[in-house]
Number of protein chains: 2
Amino acid sequence: MSAHEHAFACPFPVIDDCLQVGGVPLTRLTERVGRTPFYAYDRRLISERVALLRRHLPETVRLHYAIKANPMPALVSYMAGLVDGLDVASAGELRVALDSGMAPAEISFAGPGKREEELRQAIAAGILVNVESFREARVLVRLSEELGLPARVAVRVNPDFELKSSGAKMSGGPKPFGVDAEKVPALLHEIGALGLAFEGFHIFAGSQSLRAEAIVETQVKAYELAVRLAREAPGPVKVLNIGGGFGIPYFPGEQPLELVPIGRNLAALAERLRRDLPAARLVLELGRYLVGEAGIYVCRVIDRKESRGHVFLVTDGGLHHHLSASGNFGQVIRKNYPVVVGNRVRGTRRETVSVVGPLCTPLDLLADRMELAEAHPGDLIVIFQSGAYGLTASPTAFLSHPAPGEVLV
Amino acid sequence: MSAHEHAFACPFPVIDDCLQVGGVPLTRLTERVGRTPFYAYDRRLISERVALLRRHLPETVRLHYAIKANPMPALVSYMAGLVDGLDVASAGELRVALDSGMAPAEISFAGPGKREEELRQAIAAGILVNVESFREARVLVRLSEELGLPARVAVRVNPDFELKSSGAKMSGGPKPFGVDAEKVPALLHEIGALGLAFEGFHIFAGSQSLRAEAIVETQVKAYELAVRLAREAPGPVKVLNIGGGFGIPYFPGEQPLELVPIGRNLAALAERLRRDLPAARLVLELGRYLVGEAGIYVCRVIDRKESRGHVFLVTDGGLHHHLSASGNFGQVIRKNYPVVVGNRVRGTRRETVSVVGPLCTPLDLLADRMELAEAHPGDLIVIFQSGAYGLTASPTAFLSHPAPGEVLV
């Protein structure tokens, strides 16, 4: 495997050189959706991903879905039947979580800047609030009194370590997330004194890591930190959310995450938990890892242009729908996502082309000098690894084009 | 002026240490809007910017506004009374342009991937279409016949030069924008043979340049290229759009663009135009330069957190509303936009803080270690230079927070 090739193993079948999504040929699915561009998510792939995890994880570990990765209501409702809980990051996500039918007891809310209206809605819903500051604890007490309902709280901890080699470091050093580990004992005392219903800890160190050993190391550290902090807690720890951080391979040279060492480590931690914190459930919170590889973005070639020896496929989709694939969402160096011509995956002739969108900016680039089957106007371009942080992480109003479709198949 | 300081001269008055927008104190404006976060654009500053340009430009140069920079309908309607034409990049923008009352004759449409429905709408509206490929010319002919209306066309040229030191290079080398200069004669003959109504050229070389000499050089080259190409045209050139590219200073060390050399050069070009292309109007197409400095983004401090010696102001606004200010929209190195505490601009105590948003990601950073007046929950954070590529260039659905407000004051 060269560092310039995608390690990506396409999870979507190809029949008669046409990609199949949820058992439907892409050309037919496009007619069913009625327009391009659109996002499509495959139920079967989501179920298979959850089943794969369950096989590797000890039975006692509870699996949560972080809605922020993909809040499409139909997808969240489907996911609610597969996982043990949902995690939300706003009142908007909370509404989707509650609509899905997931029990409020199994929904938790994290975020460094929760508005007072959001905290009020969370208390009324009966979900678990991950407290991220002293101020938030005091606001919760006041709102609990106003509503006559006890706020259920866990403490989100900003640990003094980080998830190594992760895509986004969420801890270690000064951070706006959670409360510094060294200040947590004081917060726990305050929570006890204020009479909030304490239920546990949330320790999240980073995201999008492809190194199992880094995740294992972080999970052990998070576990041990929680056990130390539990000594100061006003009550037994019922929930220990050690975050997620499981990455998926996007770019050439990246390899899928190995689950075996992670499963083995979690089995050992689950065993220690039974002695250290016997009332606690260990929670794993995953977003991207559950849905990222189950989704594609589909757009149609509008024009095929040759400019100074280079072929451009100009499509009706672009960065306004899929900012990450364009390489413009916080990436320092632009790399290609895996891309194919969906209705002619292998093709008869291959060529090196760039795929661009309809926007008047050189940023609107979906594939830079990739080898694809020869494509013409009307053909369908597919971007893989698009099930997470796709549609909602994109500036859909940019240049006032229509919003893309979105289907669960 | 140190490279670490903003050269930015605040165009909004400050009275009693409170920023004034459109003559209204920011605190009162916030009550009027009824919520935070919001964008506010100042009519007076937009008018002043247009007047400044008019003073420097020769009378015969026509000034167009590129709606993509800020498509807020009220702003576009206001702008329609100040400029000579509007440029759109989609059917969505076309609707806003027509609603503004601007005469269709003065509206033009550019974009490398115009959909057939969009071209149909453009012909029906009677606006000028900047043709960007041979295929587009043929589609326009067919649609003209179907509609029984002639398509008005100009040719968008991909020149063989670029705008030096610009934020986004739109020309030179292989590009999806327009037709390579060397292929334009063939396209002009085809346009003549097909019977489309030829009106001129659109030559756009780049955007966001702060160097007047680079803009001058590019304008001269675009002019001379157009005069050469005009010899092959099937009719007289009526419109010569030489683009824009005028930048505004965002970051420490950047200086405002000097208009004097640009105005002098355009006067010389306008003089040459009278001899070379006597039927042609010279059009300058500007977006960001007209509105960027007239707009602010306002959010409210929700929490003030100290983490390991560092102060974070956590606000209700963030990258989901203002991606560029967070440094995540195609920027390689993150730099701070100019920021103040709007209701306490100078303050009594100053401190170095970071301003972050409510999202669970370290990317959600609005100001990194800046000196501001000491601020607390309830205070208003203002980000300047936010009138262009703000709201519509942001992933507003990210983490399902409410959309921001938007007002023209």
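Residues numbered from 1 in each chain as written. Chains lettered and ligands numbered in written order. Predicted model: local features only at pLDDT ≥ 70, side-chain atom pairs only at ≥ 80, totals over all residues. Heavy atoms only, no water.

1. Observations regarding the interface of chain A and chain B
Frequently, the measure chosen for interface size is the accessible area removed from exposure when the parts meet. In this assembly, 73 residues from chain A lie in contact with 73 residues from chain B. On the chain A side of the contact with chain B, Lys305, Arg308 and Cys360 of chain A bury the most area, a combined 14% of that side's loss. Seen at the junction of chain A and chain B, the total is two salt bridges. Notably, a salt bridge pairs Arg308 of chain A with Glu182 of chain B, separated by 2.8 Å at the nearest N-O pair. Seen at the junction of chain A and chain B, the total is 34 residue pairs in polar contact (both at pLDDT 80 or more). Elements that contribute at least two residues to the side of chain A that touches chain B include exactly helix H4 (91-99), helix H6 (134-147), strand E9 (152-158), strand E10 (168-169), strand E16 (295-307) and strand E17 (310-315) of chain A. By residue number, the principal contributor to the side of chain A that touches chain B is E16 of chain A, which donates five residues. (Contact = heavy atoms within 4.5 Å. Buried area = accessible area lost by both parts, 1.4 Å probe. Salt bridge = Lys/Arg side-chain N within 4 Å of Asp/Glu carboxyl O. Polar contact = N/O pair within 3.5 Å; in protein donor to acceptor, adjacent residues only side chain to side chain. Helix = DSSP H or I, 4+ residues; strand = E, 2+ residues; numbered from the N terminus.)

2. Details of the side chain of Ser326 of chain A
Residues and elements named next belong to chain A. Mapped onto the elements, Ser326 comes out in helix H11 (residues 323-326). Here the side chain of Ser326 touches Asn328 through a polar contact of 2.8 Å, side chain to side chain. Residue contacts for Ser326: discarding those within four places in its chain leaves Leu319, Arg334, Leu363 and Leu365.

3. Focus on the nonpolar core
With 288 residues, the main nonpolar core has Leu26, Tyr65 and Phe201 of chain A together with Leu26, Tyr65 and Phe201 of chain B as its most contacted residues. Residues in contact with Leu26 of chain B, not counting those within four places in the same chain, are Cys18, Leu19, Val21, Phe38, Ile296, Val298, Gly342, Asn343, Leu380 and Val382 of chain B. (Core = buried A, V, L, I, M, F, W, Y, C linked by side-chain atoms within 4.5 Å. Buried < 20%, exposed > 50% of the residue type's maximum accessible area, 1.4 Å probe, protein only.)

4. Describing the sheet that holds strand E3 (residues 24-25) of chain B
Residue and element names in this part refer to chain B. Reading across the sheet, the three strands line up as E1-E2-E3 and stay open at both edges, with antiparallel pairing between neighbours. Strands with a single pairing partner mark the edges of an open sheet, and in this sheet they are strand E1 (14-15) and E3. The pairing of strand E2 (residues 18-21) with E3 spans two bridges and is classified as antiparallel. Bridging from a neighbouring strand, Gln20 pairs with Pro25 of E3. (Pairing = 2+ DSSP bridges.)

5. Observations concerning the relation of the copies chain A and chain B
Its rotation angle being 180°, the transformation that places chain A on chain B also includes 0.0 Å of axial translation and leaves an RMSD of 0.0 Å. The transformation relating the two chain copies, once decomposed into turn and shift, fits a two-fold axis. If distances are taken from each C-alpha of chain A to the rotation axis, the shortest is found for Pro395 of chain A, at 2.0 Å. In this assembly the copies share their binding face: 100% of the residues contributing to the interface of chain A also contribute to that of chain B. (Least-squares fit on C-alpha atoms with pLDDT ≥ 70 in both.)

6. Some points on the pattern of salt bridges
This structure, assessed with the given rule, holds 50 salt bridges over all chains. The residue Glu118 of chain B makes a salt bridge to Arg115 of chain B at a minimum N-O spacing of 3.5 Å. The two residues Glu118 of chain B and Arg115 of chain B agree in class, both being buried. Put simply, Glu371 of chain B and Arg350 of chain B hold a salt bridge, and the shortest N to O gap is 2.7 Å. Taken together, the positions of Glu371 of chain B in strand E20 (residues 365-373) and Arg350 of chain B in strand E19 (residues 350-356) put the pair 21 residues apart, joining distant regions of the chain. Relative accessible area serves as the criterion here: at 46%, Glu371 of chain B is assigned to the partly exposed category. One salt-bridge network, held together by shared partners, links Lys114, Glu132, Glu136 and Arg156 of chain A.

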